[in-house]
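As a plain string of letters, each chain reads:
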Amino acid sequence: MAKLEGLAHIGVFVSDLQKSKEFYEKILDFKTIWECRVKEADGTTTDVAFVQNGCLTLELVRLEKLQKRTDGLVDHIAMKVEDIETVKRTLAARGIVFETEEAVCNADVFPHGSKWILFRGPDNEHLELTEVL
């Protein structure tokens, strides 16, 4: 079997590339590490920006011509944090509205449990902060 080295990136379709870049950069402290335009076979152009925070890289993709996607769905993107309460307070101060008041704590998820809380990105993408206890 081929050896996998780790996660390269997660592709996220967005409606407004600049708005999404600003959200990930200003709210979640990502940095844009690469941007490009891809000429598609049908003559349209796809704008792409890779944004990164730590070892998490997202590929933000804005299609010139929206397509109906039929090849799968990613439910959410979970971002690992060391202190969920501190990160939650920081993001709340930056205008993030969480789906619940408190982080969910579950002793059955991972050996010593975990906490998580969910919120939405600019294109309604489901984002999660998670702390493994």
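This text gives an overview of the structure that appears in the document. Everything numeric in this text was worked out from a predicted model, so none of it was measured. (Residues numbered from 1 in each chain as written. Predicted model: local features only at pLDDT ≥ 70, side-chain atom pairs only at ≥ 80, totals over all residues. Heavy atoms only, no water.)

What about unusual backbone geometry?
Here is step 1 of the chain: The phi dihedral of Asp29 is positive, around 60 degrees, even though this residue is not glycine.
Here is step 2 of the chain: Within the fold, Asp29 resides in the loop between helix H1 (17–27) and strand E2 (31–39).
Here is step 3 of the chain: One non-glycine residue, Phe110, lies in positive phi territory at about 75 degrees.
Here is step 4 of the chain: Summarising the element assignment, Phe110 is placed in the loop between strand E6 (104–106) and strand E7 (114–120).
Here is step 5 of the chain: Residue Phe110 is classed as partly exposed on the basis of its relative accessible area, which comes to 49%. (Helix = DSSP H or I, 4+ residues; strand = E, 2+ residues; numbered from the N terminus. Buried < 20%, exposed > 50% of the residue type's maximum accessible area, 1.4 Å probe, protein only.)

Brief notes about the nonpolar core
Here is step 1 of the chain: With 26 residues, the main nonpolar core has Tyr24, Leu28, Leu58 and Phe119 as its most contacted residues.
Here is step 2 of the chain: Sorting the residues of this core by element identifies strand E1 (10–13), H1, strand E3 (45–53), strand E4 (56–63), strand E5 (77–80), helix H2 (84–93), E7 and strand E8 (126–132) as the ones contributing at least two each.
Here is step 3 of the chain: Element by element, the count of residues in this core is highest for H1, at 4 residues. (Core = buried A, V, L, I, M, F, W, Y, C linked by side-chain atoms within 4.5 Å.)

Structural notes on the pattern of salt bridges
Here is step 1 of the chain: Counted according to the given criterion, the structure contains 5 salt bridges.
Here is step 2 of the chain: Salt-bridge contacts for Arg37 lead to Asp47; the nearest nitrogen and oxygen are separated by 2.5 Å. Placement of Arg37 in strand E2 and of Asp47 in strand E3 is noted, with a sequence separation of 10 residues between them.
Here is step 3 of the chain: With a relative accessible area of 62%, Arg37 lands in the exposed category.
Here is step 4 of the chain: Using a relative accessible area of 12% as the deciding quantity, one classes Asp47 as buried.
Here is step 5 of the chain: The residue Glu99 makes a salt bridge to Arg120 at a minimum N-O spacing of 2.8 Å. (Salt bridge = Lys/Arg side-chain N within 4 Å of Asp/Glu carboxyl O.)

Some words on the pairing of E1
Here is step 1 of the chain: Here E1 shows a clear split, with Ile10 and Val12 buried on one side and none of Gly11 and Phe13 buried on the other.
Here is step 2 of the chain: Judged from the 4 bridges that link them, E1 and E4 form a sheet pairing that is parallel. By the bridge assignment for E4, Gly11 is matched with Glu59. (Pairing = 2+ DSSP bridges.)

What about the side chain of Thr130?
Here is step 1 of the chain: Considering the arrangement of structural elements, one finds Thr130 in strand E8.
Here is step 2 of the chain: At a separation of 3.4 Å, a polar atom in the side chain of Thr130 contacts the main-chain carbonyl oxygen of Lys115.
Here is step 3 of the chain: Ignoring any residue separated from it by four or fewer positions in sequence, one finds Thr130 in contact with Ala78, Met79, Lys80, Val81, Ile84, Lys115 and Trp116. (Polar contact = N/O pair within 3.5 Å; in protein donor to acceptor, adjacent residues only side chain to side chain. Contact = heavy atoms within 4.5 Å.)

So, the packing of aromatic side chains
Here is step 1 of the chain: Tallied over the full model, the rule gives 3 aromatic pairs.
Here is step 2 of the chain: Each ring, one from Phe98 and one from Phe119, has its centre 5.5 Å from the other, and the planes form 75 degrees; the classification is edge-to-face. Remark: Phe119 occurs in strand E7 and Phe98 occurs in the loop between H2 and E6; sequence separation between them is 21 residues.
Here is step 3 of the chain: The rings of Phe23, Tyr24 and Phe30 are connected pair by pair, giving a single aromatic cluster. (Phe/Tyr/Trp six-rings, centres within 6.5 Å; stacked < 30°, edge-to-face > 60°.)

It is worth stressing that arrangement in space is one thing and function is another; only the former is reported here.
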